[in-house]
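An overview of the molecular structure
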Amino acid sequence: MTKTIGYRDWRWQALFWHHFFLLWSTIDGQTRYSIPEELKQGSLVGHIAKDLGFGVPDIFERKMRVASVAGKQYFSVDSGKGELIVNDRLDREALCGQSASCVLPLQIVIENPLQSHRIEVEIRDINDNSPSFLSSELSLKIAESAAVGTRFPLESAQDPDVGSNSLKTYSLSRNDYFSLKLKDTKNGRAVPELVLEKPLDREKNAQHQLMLTALDGGNPVKSGTCKITITVLDNNDNFPVFNENEYKVSLKENSTKGTFVIKLTATDADEGLNGEVKYSFGSRTPDLVSSTFEINEKTGEIVLRGALDYESTKSYLIDITAKDNGTPEMEGHCRVQVDVEDINDNAPEIVLTSKPSPVREDAPSGTVVALISAIDLDSAGNGKVVLQLPRGAPFNLKPSFSNDYELLTSGPLDRESFSEYNIEITATDSGSPPLSSKKTIPVIVTDVNDNPPVFTQPSYNVYLKENGVPGSILYSVSASDLDSGDNAKISYSILDSKVQDVSVSSYVYINSDNGSIYSMHSFDYEKLKVFQIQVQAKDQGSPSLSSNATVHVFILDQNDNAPAVIYPSSAHMGSLSHQRMPRSAKAGHLVTKVTAVDADSGHNAWISYKVSEATDVSLFTVNLYTGEVRTKRAVSEQDDSSQRLLIEIKDDGEPVQSATVTVSILLEDGLHEPILDLRQKAVEPSKKTGRITLYLILSLASISVLSLVTFLILTVKCIRNSRSSASCCTRQSDCDDYKNPNRNLQIQLNTDGPIKYVEVLGGDMLSQSQSFRSCMSPMSEYSDFTLIKPSSTTDFKEVISVLDASLPDSTWTFESQQVSRASEKRIDRLYRFVCAIVNPKVFVCTQKNPNKVVQQTLNI
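One structure accompanies this document, and this report is about it. Since this is a predicted model, take the numbers as computed values, not measurements. (Residues numbered from 1 in each chain as written. Predicted model: local features only at pLDDT ≥ 70, side-chain atom pairs only at ≥ 80, totals over all residues. Heavy atoms only, no water.)

A word on the packing of aromatic side chains
Two descriptors summarise a pair of aromatic rings, namely the distance from one centre to the other and the angle between the planes of the rings. To be explicit about the condition: Aromatic pairs are defined between Phe, Tyr and Trp rings, using the six-membered ring for Trp, whenever the two ring centres lie within 6.5 Å; interplanar angles under 30 degrees are classed as stacked, those over 60 as edge-to-face, and all others as tilted. Where helices and strands are cited, they refer to DSSP runs of H or I of at least four residues and of E of at least two residues respectively, numbered from the N terminus. Exposure is judged per residue with a 1.4 Å probe applied to protein chains only, and the accessible area is read against the type maximum: over 50% gives exposed, under 20% gives buried, and values in between give partly exposed. Distance and angle both matter: a charge sits over a ring if NZ of Lys or CZ of Arg is within 6 Å of the ring centre and within 35 degrees of the ring normal.
The full count for this structure, using the stated rule, is 12 aromatic pairs. Note on Tyr507 and Phe523: the rings are 6.1 Å apart at their centroids and 5° apart in plane angle, and the pair reads as stacked. Of this pair, Tyr507 sits in the loop between strand 39 (502-503) and strand 40 (508-510) while Phe523 is found in the loop between strand 41 (516-519) and strand 42 (530-539), placing the two residues 16 residues apart along the sequence. Residue classification places Tyr507 among the buried residues on the basis of a relative accessible area of 10%. What links up through ring pairs into an aromatic cluster is the set Phe395, Phe418 and Tyr421. For the cation-ring pair, Lys314 lies above Tyr310, with the distance from its terminal atom to the ring centre recorded as 5.1 Å. For Lys529, the ring lying beneath its charged end belongs to Tyr525, and the centroid distance is 5.1 Å.

With respect to unusual backbone geometry
With an omega dihedral of -5°, the bond running from Asn112 to Pro113 counts as a cis peptide bond. Mapped onto the fold, Pro113 is located in the loop between strand 7 (103-110) and strand 8 (115-124). Note the cis peptide between Glu654 and Pro655, where omega equals 0°.

What about the sheet that holds strand 31 (residues 420-429)?
Basically, it comes down to this: At least two bridges found by DSSP between two strands is the condition for calling them paired.
Taken in spatial order, the 4 strands of this open sheet run 26-32-31-28, and their pairing is mixed. Of all strands in the sheet, those with a lone pairing partner are strand 26 (359-360) and strand 28 (385-388), marking the two edges.

Some thoughts on the state of the cysteines
Note the threshold: In what follows, a disulfide is any cysteine sulfur pair within 2.5 Å.
Under the counting rule described, the total for this entry stands at 1 disulfide. A disulfide bridge connects Cys96 with Cys102, and the sulfur atoms are separated by 1.9 Å. Classification of the bridge connecting Cys96 and Cys102 rests on its S-S torsion, roughly 60°, and on that basis the disulfide is right-handed. With a relative accessible area of 1%, Cys102 lands in the buried category.

Concerning the sheet that holds strand 9 (residues 137-143)
The test is simple: Inter-axis angles, ranging from 0 to 180 degrees, are taken between N-to-C directions of lines fitted to C-alpha atoms, where helices are fitted over the stretch in contact.
Judged by pairing direction, the sheet is mixed, and its 4 strands sit side by side in the order 9-15-14-11 without closing on themselves. Across the chains shown, the open sheet's two edge strands, defined by having one partner strand only, are strand 9 and strand 11 (167-172). Averaged over neighbouring strand pairs, the angle between their axes works out to 25° when direction is ignored. Sheet topology places strand 14 (residues 207-216) next to strand 15 (residues 223-233); 9 bridges connect them, and they run antiparallel. Opposite Leu212, over in strand 15, you have Cys226 as the bridge partner.

Looking at a nonpolar patch on the surface
Selection criterion: What makes a patch is a set of residues exposed beyond 30% relative accessible area and free of salt bridges, joined within 9 Å when like-charged and within 5 Å when nonpolar (Val, Leu, Ile, Met, Phe, Trp, Tyr). Each accessible area value is a Shrake-Rupley result obtained with a 1.4 Å probe; residue values ignore everything except the protein chains displayed when judging cover. Between Lys or Arg on one side and Asp or Glu on the other, a salt bridge is scored when a side-chain nitrogen of the former is within 4 Å of a carboxyl oxygen of the latter.
Taken together, the side chains of Val705, Val709 and Ile713 present a nonpolar region at the surface, about 250 Å² in accessible area. Tracing the sequence through the fold places Ile713 in helix 7 (residues 687-719).

Topic: the nonpolar core
This is how the line gets drawn: Take the buried Ala, Val, Leu, Ile, Met, Phe, Trp, Tyr and Cys residues and link them wherever side-chain atoms come within 4.5 Å; each set so joined is a nonpolar core. Here a residue-residue contact requires only that any non-hydrogen atoms of the pair lie within 4.5 Å.
With 27 residues, the main nonpolar core has Val508, Phe531 and Ile533 as its most contacted residues. For this core, the secondary-structure elements that each account for two or more residues are strand 34 (459-465), strand 37 (490-494), strand 40, strand 42 and strand 43 (546-556). With near-sequence residues (within four places) excluded, Ile533 lies in contact with Ile494, Val504, Val508, Ile517, Ala549, Thr550, Val551 and Val553.

Quick word on the pattern of salt bridges
According to the stated counting rule, one finds 24 salt bridges in the structure shown. With a closest N to O distance of 3.0 Å, Arg415 and Asp447 form a salt bridge. Of this pair, Arg415 sits in the loop between strand 30 (404-409) and strand 31 while Asp447 sits in the loop between strand 32 (436-446) and strand 33 (454-455), and the two are 32 residues apart along the sequence. Each member of the pair Arg415 and Asp447 is classed as buried. Ionic pairing is found between Arg583 and Asp669, a salt bridge with its closest N-O pair at 3.6 Å. Of this pair, Arg583 sits in the loop between strand 45 (577-582) and strand 46 (590-593) while Asp669 is found in the loop between strand 52 (658-668) and helix 6 (674-682), placing the two residues 86 residues apart along the sequence. For Asp669, a relative accessible area of 59% gives the class exposed.

What about the side chain of Asp324?
The cut-off we apply is this: Neither His nor the chain ends contribute to the count of charged residues, in which Lys and Arg are positive and Asp and Glu negative. Polar contacts, as counted here, are pairs of nitrogen or oxygen atoms within 3.5 Å of one another; within protein the pair requires one atom able to donate a hydrogen and one able to accept it, and residues that are adjacent in sequence qualify only if both atoms are side-chain atoms.
As for its position among the elements, Asp324 is in strand 23 (residues 315-324). In this structure Asp324 is buried but unpaired, with Lys278 as the nearest side chain of opposite charge at 8.5 Å. Of note is the side chain of Asp324, whose polar atom sits 3.3 Å from the backbone nitrogen of Gly326. Of the polar contacts made by the side chain of Asp324, one reaches the backbone nitrogen of Met330; its length is 2.7 Å. Excluding residues that lie within four positions of it along the chain, Asp324 makes contacts with Asn236, Asn238, Phe239, Pro240, Asp268, Asp270, Leu273, Asn274, Glu276, Val277, Glu329 and Met330.

Some words on the pairing of strand 6 (residues 83-86)
Sheet faces and side chains relate simply in a regular strand, where the side chains alternate between the two faces. Here strand 6 shows a buried face lined by Glu83 and Ile85 and a second buried face lined by Leu84 and Val86. For strand 3 (residues 44-46) and strand 6, the ladder comprises 2 bridges, and the chain directions are antiparallel. For Leu44, the partnering residue across the bridge sits in strand 6 and is Ile85. When strand 5 (residues 75-78) meets strand 6, the two strands line up antiparallel, connected through 4 bridges. Counterpart to Ser76 in the pairing with strand 6 is Ile85.

Let's talk about the pairing of strand 22 (residues 301-304)
Examined bridge by bridge, strand 18 (residues 260-263) and strand 22 share 3 bridges and lie antiparallel to one another. Residue pairing across strands places Ile262 opposite Ile302, the latter belonging to strand 22. Where strand 21 (residues 293-295) and strand 22 come together, 3 bridges link them in antiparallel fashion. Residue pairing for strand 22: Phe293 is matched across the bridge by Leu304.

Rendered as structure tokens:
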């Protein structure tokens, strides 16, 4: 009863001192706690979150846990309080055996980001085990002739506790014949021996009963007992004696069955049967020893019977008994210590303390991917492990604690090149020969939006016929993205831009999913020839990335415009064109010229003329390409004075478009040629008409000189490859137009009254692009000059609506001005007009009115 109460008091004291003197310290960056064994489940070990510098919320969010390498979880983390608590029963003797120090290393793992912390928990011993004997009763046979002082070895008691709680001493019950002595052995253990203090007399006392008590050093003291029964025998006076009391031998753990261990020899001074010795293991030999070794009872040889394993048992203590054949039997005792030598028979093992986390491809170098431990059950150099990674992988290993490593990134990652790494880690020990093992760790690289969409080509050319159906598909652009998931999902859009001052979105729209571009209405080549679309491809990453491509849309011309008559100017208004000619006209006489243009381009704008109907087919003919109406023969007296021609004008398109013009020609007697008519008018009293003619002649002479000078200047500039400038006749690309200074300029005047029409012909008469004219209004004293070059973009409603049939378009260049009555300014107008003839590519257009003066350079 007293013993039980003392034990409870001791338990309360242990708990009190645990909570009061709980120790933790940080040594070399490690946190250490010290607790007694046998704490209840849920008992506090320490405030791990506070000691590691984390707040209580971090424990739950970052999943703080205890990583177990050995398998059993003796501790856990209370996520609500941030405390390290006991999770399972802690039996120091089971964990550390007889080791003087019992320290359990723990690894605390925290995620997001992945970190590990090393802590140690020291398990202190408490006196929870009593000393015990293998057998509660022991029988000894001692000859009555045994001399005083003879020693008889007794069984040693065992106490699993260590330190002060371990076995300390023995005591023997009081008696008259025997005393107890302790014999120190080489391993530091005390072996009890029974010492004969007084001669035995079998006849007086044939049997003695003694009580051997083993005591530990705990507080309170715990004990164990063994009952000794001594039987007194008659006269076999000598017992076998070994050469040594203790023997020590070493064996490699790979020794095979039957390996010789040691040969023991004991001698007996008696003779005959009393001197014959036989050997055996001690009566209380553990099964582990008897199953591993065997002894020859006659020779005393010990051989290996089973396999040795250094990792399981490092040393064996074998008690040997030598008995003679006398009556009573006499015994001699010795002890054999067999130490097992470690060999490198265990390959290292790689253990994942924490599963590898997916790593972003933009993760910086040094990002922790996984926690790894290396375990080798061998000892010393055989248990020293080195981990290696294959070359070329953007990872390395950083040692954190003993045989603990962190797998880190060591360079940039690119998911588009490698979306997953299978890292083969090789663990090699330092044994001879070294053993190794390998483990493959998969590391997944997660995508980051680091690749913009890429179009199949930077620009696209689309050729579209005009007058197409609205809503038809123009083209489909395509882009790809090397990223994955949402980062690779592409949407298409059209960037806002202007086409003829109108948003491009009013012309086309795009399918945001597949990149198909559709027209919103039909296109007219004569109004719009080409335009650009900026298409943007944007992914759905965060932040999103985009790229642009240019789609050039070229409108192809269709023959959808009929030729339009420019001259005679009254013909296009539905009335007849009246022309006069003398009856004296010879064959080839120029009657008039029909001029027409086609708003289309290319072959669709090539115009041809022919006489469709005529009063007299044999009298007139029209040039197929120039539209000049000339006489085929001389006029006779029999020809009607009124001739009517229906001229058909066709283009070269498919299908053919045509127009007609009716020319009425009056044959008059006494009507002179145009030049004579002009001379007659020059002598008339009208000074204005005479001065205009004179100025015209002078202007043409001046312009000829100016043309020659201009040609020389342009020739020098072309040779020097100079850049073009915005002045008349300066574009380098057109130097070839001036290599032949002889342009065969011809001037023709109208013959029907005052000068109102001047036509300048240059070069080949078949080329319409070399024909220019000046129109002077007979309605007023203002003059209009028009330079015409055919183009497919002309709005012919405007052409017909003006008197001079000018074509205001970006590819037509014209000069229109109204001047005062001062006829001196006509020379200036003629000068600029002829300048435009010399270089029809660029000239200055000046418009004057009473309120403003606007000067502009236009390109033909």
